[in-house]
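Here is how the chains run, residue by residue.
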Amino acid sequence: GLADPGTTFADLARTWTELHGPDLGASTNRMNESMLRLHILPAIGSIRVEDLLPVTLDRYRASRLAEKKPPAKSTLNLEVGLISGVLNFGEKKRIVRNPILRGDIEPLAVEQKTTYFTPDEWKAFIDAADADEDLRAAAPLWRMKLLTASRLGEMIDLRWSAVDFERGSIAITQRKTGRAKALMLTPEMRAVLATVPRGIGDAHVFTYRGLPWAASRLRHHFDRTVKLAGLTGDWTPHSIRHTAATWARKAGVPLDRVAKMLGHAGLDLVLPVRPLLRGGP
């Protein structure tokens, strides 16, 4: 039951917008419409879906990077993710066969170790998350990630059994080391936890539509939020962890306490943060 093999990417994108658009927030739809209209459809809209190849998307990225004002690599990852989403939708609905297999296109590598939010950038980011119905689902996780200086996987794995409201503590298990870091449960953390449905035992603290978050979905939410906030640069969820460390050092928190907050056993992995402290926030 596949449609005419002459279906172009523009044809499929119109159907995707019509049927999938109502499931997304208004601002997300505006962002997707902008990416399609300004960049994606002019480049590949007239190509038949069955003629698309991985090299087609490689050339698309290369042409975007060759522009006078090239986009950030994270923005390009978002655009290619949108193309993949349209193609996956077409195959799921049996409209077309998706010629781009999972894993054919590797995301562009994004530098994670030196990017952090200024207070104004963070406000723009979190305001953008709160303003969109779908992106809002991840906002509590982003807030807790900043407050605990945690990795993405640590927030995904966080369970209610690790939160002790009576003793005022929270234990975050680190995938990387297998150890747990214990932090004081601050009023700000309590306020974040009050915004998500309370669970018991090993129930996940942060969920998406009742299920544990997938790292890929969270990264996609993050990229969409960055774009909606109008931020430029190579941002990743790991930037939030660097932000927590950088802000702590700017506030005069001793290095040993920053190391404990990050879950590092020593100071050697904290010292590289110091060059970031020069100049403005």
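Preceding this section is the structure that the text describes.
Overview of the structure. (Residues numbered from 1 in each chain as written. Predicted model: local features only at pLDDT ≥ 70, side-chain atom pairs only at ≥ 80, totals over all residues. Heavy atoms only, no water.)

Once that is clear, we can look at the overall build of the protein chain. A count of helical and extended segments in the protein chain gives 11 helices and five strands. What you see for the protein chain is a C-alpha radius of gyration of 21 Å, in line with the 19 Å of a compact globule of 281 residues. Dimensions of the protein chain, computed from C-alpha atoms along their principal axes, come out at roughly 65 × 45 × 30 Å. The proportion of buried residues among the 281 residues of the protein chain is 46%. Taking contacts inside the protein chain between residues at least 6 apart in sequence as the whole, the part at least 24 apart equals 67%. Accessible surface computed for the protein chain: about 14,800 Å², of which carbon and sulfur atoms make up 53%. One finds the centroid of the 41 positive side-chain charges in the protein chain at a distance of 5 Å from the centroid of its 31 negative side-chain charges. (Helix = DSSP H or I, 4+ residues; strand = E, 2+ residues; numbered from the N terminus. Rg over C-alpha atoms; globule rule 2.2 N^0.38 Å. Buried < 20%, exposed > 50% of the residue type's maximum accessible area, 1.4 Å probe, protein only. Contact = heavy atoms within 4.5 Å. Areas by Shrake-Rupley, 256 points an atom, 1.4 Å probe, with all protein chains shown as cover. Lys, Arg positive; Asp, Glu negative; His and termini not counted. Charge placed at Lys NZ, Arg CZ, Asp CG, Glu CD.)

Before going further, it helps to examine the packing of helix 4 (residues 73-92) against helix 9 (residues 215-228). Look at helix 4 against helix 9: their axes get within 10 Å of each other, and the N-to-C directions meet at 115°. Seen from above, helix 4 lies across helix 9 with left-handed handedness. Of the residues in helix 9, those touching helix 4 at S74, T75 and L78 are H220, D223, R224 and K227. (Axes fitted to C-alpha atoms, helices over the stretch in contact; angles between N-to-C directions. Left-handed = near helix turned anticlockwise from the far one by under 90°.)

On to the pairing of strand 3 (residues 180-184). Burial along strand 3 is one-sided: K181 and L183 are buried, and none of A180, A182 and M184, which face the opposite way, are. Note: strand 2 (residues 169-173) against strand 3, five bridges, orientation antiparallel. Pairing of T173 across the sheet is with A180, part of strand 3. (Pairing = 2+ DSSP bridges.)

Before going further, it helps to spend a moment on helix 6 (residues 139-148). For helix 6, the buried fraction is high: eight of the 10 residues fall into the buried class. With its phi angle positive at about 55°, A149 sits one or two positions after the end of helix 6.

This part covers the environment of A138. In this fold, A138 is placed in the loop between helix 5 (119-131) and helix 6. Note on A138: relative accessible area 0%, which makes it buried. With 48 residues separating them in the primary sequence, A138 and T186 have C-alpha atoms 20 Å apart. Residues in contact with A138, not counting those within four places in the same chain, are W213, L218 and H221.

With that settled, consider the side chain of T28. By the element assignment, T28 lies in helix 2 (residues 26-44). At 2.5 Å, the side chain of T28 and the side chain of D132 are in polar contact. Those residues within four positions of T28 in sequence are excluded, and the remaining contacts are D132, L135 and R224. (Polar contact = N/O pair within 3.5 Å; in protein donor to acceptor, adjacent residues only side chain to side chain.)

Before going further, it helps to spend a moment on the sheet that holds strand 3. With antiparallel pairing, the three strands of this open sheet are ordered in space as 1-2-3. This sheet does not close on itself; its edge strands, each paired only once, are strand 1 (163-164) and strand 3.

A few words now on the pattern of salt bridges. Following the criterion strictly, the structure yields 13 salt bridges and no others. The partner of D134 in a salt bridge is R224, and the shortest N-O contact between them spans 3.1 Å. Remark: R224 occurs in helix 9 and D134 occurs in the loop between helix 5 and helix 6; sequence separation between them is 90 residues. Like D134, the residue R224 is buried in the burial classification. What you see here is one network of salt bridges that share partners, running through R48, E50 and D51. (Salt bridge = Lys/Arg side-chain N within 4 Å of Asp/Glu carboxyl O.)

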